[in-house]
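Survey of secondary and tertiary structure
Each chain, written out:
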Amino acid sequence: MKRKTIIITLSVISFMWILHTVSKNFLVDPEFTTFLGNKDATLSNVNLWKIMIQIHIILAVVALMTGPLGLSKRIRNKRPTIHRWNGRIYILSILLNMIPGYYVSFFANGGSISTIGFLILNTLWLMTTINGYLYIIKKQISQHRNWMIRSFMLTYANLTIYIVVAICHNALGFDYGHAYTLAVWLSFTVNLIIAEIIIKKTKI
């Protein structure tokens, strides 16, 4: 699979998902009425949760915007300064996202099993990103590339959750809580499998 094909595909997916996420959560339903309506338990502080989920979404959007750019060999070779600053913004967006990310995990749809899944997802997202940073500091380009691919694929976790819930709940009629729990666990297992396929089959 060609590098250009991978980058274009990821860029298009990122762009479309950003449009969907921003329009849905900041224009169509800024109060998260639909999402809150599917929760099993009542939140003790709804306003704090809304602030945290909005910060979580904004930082995830930044990661989705900078991720594909970081995979561009042309920019990396001809505009190394842009590549480095883009990478710094990407890494910073994920580091800052850990606070709201872990917070909203404790109020996840589907209960404690979903919460555990989200805690694992956020930890994997953090660790893959940190590993990518540490390897570039050591000038180990290949390992840096591999870990950043894993990190970026985990940035797509919410998209995977959306797709799995749509299939299991809307199409197959699963209970929403069960569908959401399944989606959370599949979001990092499936995405990391895809990352390993990309790492093995391509030279980005």
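Let me sum up the structure you'll find in this document. Within every chain, residues take consecutive numbers counted from 1 along the sequence as written. For this predicted model, a pLDDT threshold of at least 70 governs which residues receive local features, and a threshold of 80 or more governs which side-chain atom pairs are given and counted, while totals over whole chains, interfaces and linings are taken from all residues. To obtain the side-chain values, all non-hydrogen atoms of the structure were included, while hydrogens and water were left out.

Put simply, DSSP marks the helices as runs of H or I at least four residues long and the strands as runs of E at least two long, and each gets a number from the N terminus on. When you go through the protein chain residue by residue, the secondary structure sums to nine helices and zero strands. The linear arrangement of helices and strands in the protein chain, starting from the amino end, is α-α-α-α-α-α-α-α-α. Compactness check: the protein chain gives a C-alpha radius of gyration of 17 Å against a globular reference of 17 Å for 204 residues, within 12% of the reference. By principal-axis analysis of the C-alpha atoms, the protein chain measures approximately 50 × 35 × 30 Å. Burial here depends on accessible area, computed with a 1.4 Å probe over protein chains only, as a share of the maximum for the residue type. Under 20% is buried, over 50% is exposed, and the range in between is partly exposed. Residues classed as buried in the protein chain amount to 44% of the 204 residues present. Should any heavy atoms of two residues lie within 4.5 Å, those residues are counted as being in contact. Within the protein chain, contacts between residues separated by at least 24 positions form 70% of all contacts whose residues are at least 6 apart in sequence. All accessible-area figures derive from a Shrake-Rupley calculation using a 1.4 Å probe, and residue coverage is judged against the displayed protein chains alone. Accessible surface, the protein chain as shown: approximately 11300 Å² in total, 69% of it carbon and sulfur. Taking the average location of the 20 positive side-chain charges in the protein chain and that of its 5 negative ones, the two points are 29 Å from each other. All radius of gyration figures rest on C-alpha atoms, and the globule criterion is 2.2 Å times the number of residues raised to 0.38. In summary, the charge assignment counts Lys and Arg as positive and Asp and Glu as negative, without counting His or the chain termini. For charged residues, the charge sits on one atom: NZ in Lys, CZ in Arg, CG in Asp, CD in Glu.

Let us now look at the pattern of salt bridges. Salt bridge, as applied in this entry: a Lys or Arg side-chain nitrogen positioned within 4 Å of an Asp or Glu carboxyl oxygen. Within this structure, the stated rule accounts for two salt bridges. Between Glu31 and Lys50 there is a salt bridge; the shortest N-O distance is 2.5 Å. Taken as a pair, Glu31 in the loop between helix H1 (3-28) and helix H2 (33-37) and Lys50 in helix H3 (residues 46-70) lie far apart in primary sequence, 19 residues in all. The partly exposed category is assigned to Glu31, whose relative accessible area is 44%. The partner of Arg150 in a salt bridge is Glu196, with the nearest N and O atoms 2.5 Å apart. With a gap of 46 residues between them, Arg150 in helix H7 (residues 141-155) and Glu196 in helix H9 (residues 176-201) connect regions that are remote in the sequence.

Mapped onto the elements, Ser93 comes out in helix H5 (residues 80-105). Looking at Ser93, its side chain comes within polar contact range of the main-chain oxygen of Tyr90, at 2.6 Å. For this analysis, a polar contact is any N or O atom pair within 3.5 Å, provided that within protein one partner can donate a hydrogen and the other can accept it, and provided that sequence-adjacent residues contribute only side-chain to side-chain pairs.

With that settled, the discussion passes to H9. In this analysis, the expected span of each helix is defined as 1.5 Å times one less than the number of residues it contains. Look at H9: 36 Å from first C-alpha to last across 26 residues, which is about the 38 Å you get at 1.5 Å a residue. Leu186 marks the point of greatest bend in H9, at about 35°. Between the side-chain oxygen at the start of H9 and the backbone nitrogen of Gly177 there is a gap of 3.1 Å, and the oxygen is on Asp175. At any given residue, the bend is defined as the angle formed between two axes, one fitted to the seven residues that end at that position and one fitted to the seven that begin there.

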